[in-house]
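One-letter residues, chain by chain:
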Amino acid sequence: MSSLIAMGAGGAATVTTLILYAGVRGKGKIDIKDEHVPYWAFGIGLLSANAGTAFQQLSGIGEHLGASLQGNAAIGDWQTGATAALLTVAVFGFKPKPWRDALCGAVAPSLYAAAGGFWAVPASVFSGLITSFIG
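Everything quoted here is computed from the prediction, not taken from an experiment.

**Student:** Mind showing me how you'd approach the packing of aromatic side chains here?
**Tutor:** Where two aromatic rings form a pair, the distance of their centres and the angle of their planes describe that pair. Within the structure shown, the criterion is met by five aromatic pairs. Aromatic side chains Tyr-39 and Phe-92 sit 5.9 Å apart centroid to centroid with 40° between the ring planes, which places their arrangement in the tilted category. Linking Tyr-39 in helix H2 (residues 37–50) with Phe-92 in helix H4 (residues 80–92), this pair joins segments that are 53 residues apart in sequence. Taking the relative accessible area as the measure of exposure, Tyr-39 reaches 53% and is therefore exposed. Under the relative-accessibility criterion, Phe-92 is labelled partly exposed at 49%. An angle of 45° between the planes, with centres 6.1 Å apart, marks the rings of Phe-42 and Tyr-112 as tilted. In this pair, Phe-42 sits in helix H2 while Tyr-112 sits in helix H5 (residues 98–115), placing the two residues 70 residues apart along the sequence. Classification of Phe-42 by relative accessible area gives buried; the value is 17%. Classification of Tyr-112 as buried rests on a relative accessible area of 10%. An aromatic cluster is present here, built from Phe-42, Tyr-112, Phe-118 and Trp-119 joined pairwise through their rings.

Written out as structure tokens, the structure is:
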């Protein structure tokens with residue numbers, strides 16, 4: 001056994017997504033508070049980066065979001081770090097909304113990694129920890 005849980009990234013991403021969905025719906029035994037959704041989604045985004053092609057589309061969303069803002073002449077000089085900051089403010093600056101926060105949280109790891117520097121620290125540290133547990 002090469003890891004503690006031995007689920008694989010694709011299995012862990014699927015299970016975590018289902019837990020998040022069941023927890024947000026709040027009708028069952030799993031209860032996830034609205035303000036915790038970004039953290040769950042961030043974990044899903046980290047797992048997705050190491051999973052199969054079905055999950056890797058999440059990272060593409062973050063990369064395209066950053067590229068679309070960088071290529072916009074009306075905005076002027078725009079770097080990926082500004083997109084990462086914008087995403088962070090969208091999640092933590094407003095009242096929690098589970099579906100907005102889930103999408104932003106799942107896209108955040110790839111966007112943070114693309115931004116580099118300070119932004120890449122959470123993505124790289126937590127990615128290493130998570131993948132060492134799930135295999």
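So, next bit.
**Student:** Where do I start with the environment of Ser-48 in this structure?
**Tutor:** Mapped onto the elements of the fold, Ser-48 is located in helix H2. Considered as a pair, Ser-48 and Ala-9 are 39 residues apart in the sequence and their alpha carbons are 6.9 Å apart.

**Student:** Please explain the nonpolar core as it appears in this structure.
**Tutor:** When a protein is soluble and globular, its nonpolar side chains tend to lie buried together. Listed in full, the ten residues of the largest apolar core are Phe-42, Leu-46, Ala-84, Leu-87, Val-91, Cys-104, Ala-108, Leu-111, Tyr-112 and Ala-123. Taken together, the elements giving at least two residues each to this core come down to H2, H4 and H5. The element contributing the most residues to this core is H5, with four residues. Of all hydrophobic cores here, the second largest spans nine residues; its members include Val-24, Ile-44, Leu-58 and Ala-106.

**Student:** Got a minute to help me understand the side chain of Thr-83 in this structure?
**Tutor:** The residue Thr-83 is located in helix H4 in this model. In this structure Thr-83 touches Leu-65, Gly-66, Leu-69, Trp-78 and Leu-111, once residues within four positions along its chain are discounted.

**Student:** Explain the confidence of the model for the protein to me, please; I cannot follow it from the model alone.
**Tutor:** One rule of thumb: low pLDDT means the predicted coordinates there are not for detailed reading. Averaged over all residues, the pLDDT of the protein is 80; the fraction at 70 or higher stands at 87%. Per-element averaging of pLDDT across the protein places helix H3 (residues 53–70) at the bottom with 73 and H4 at the top with 88.

**Student:** What is the right way to look at the pattern of salt bridges in this model?
**Tutor:** If the charged atoms of two oppositely charged side chains come close together, the side chains can form a pair. Applying the stated rule across the entire model yields two salt bridges. Measuring nitrogen to oxygen at the nearest pair gives 3.6 Å for the salt bridge that ties Asp-31 to Lys-33. Judged by relative accessible area, which is 56%, Asp-31 ranks as exposed. We classify Lys-33 as partly exposed; its relative accessible area is 43%. A salt bridge links Arg-100 to Asp-101; the nearest nitrogen and oxygen atoms lie 3.2 Å apart. Arg-100 sits in the partly exposed class, given a relative accessible area of 29%.

Calculation criteria
Residues numbered from 1 in each chain as written. Predicted model: local features only at pLDDT ≥ 70, side-chain atom pairs only at ≥ 80, totals over all residues. Heavy atoms only, no water. Phe/Tyr/Trp six-rings, centres within 6.5 Å; stacked < 30°, edge-to-face > 60°. Helix = DSSP H or I, 4+ residues; strand = E, 2+ residues; numbered from the N terminus. Buried < 20%, exposed > 50% of the residue type's maximum accessible area, 1.4 Å probe, protein only. Core = buried A, V, L, I, M, F, W, Y, C linked by side-chain atoms within 4.5 Å. Contact = heavy atoms within 4.5 Å. pLDDT = per-residue confidence, 0-100. Salt bridge = Lys/Arg side-chain N within 4 Å of Asp/Glu carboxyl O.

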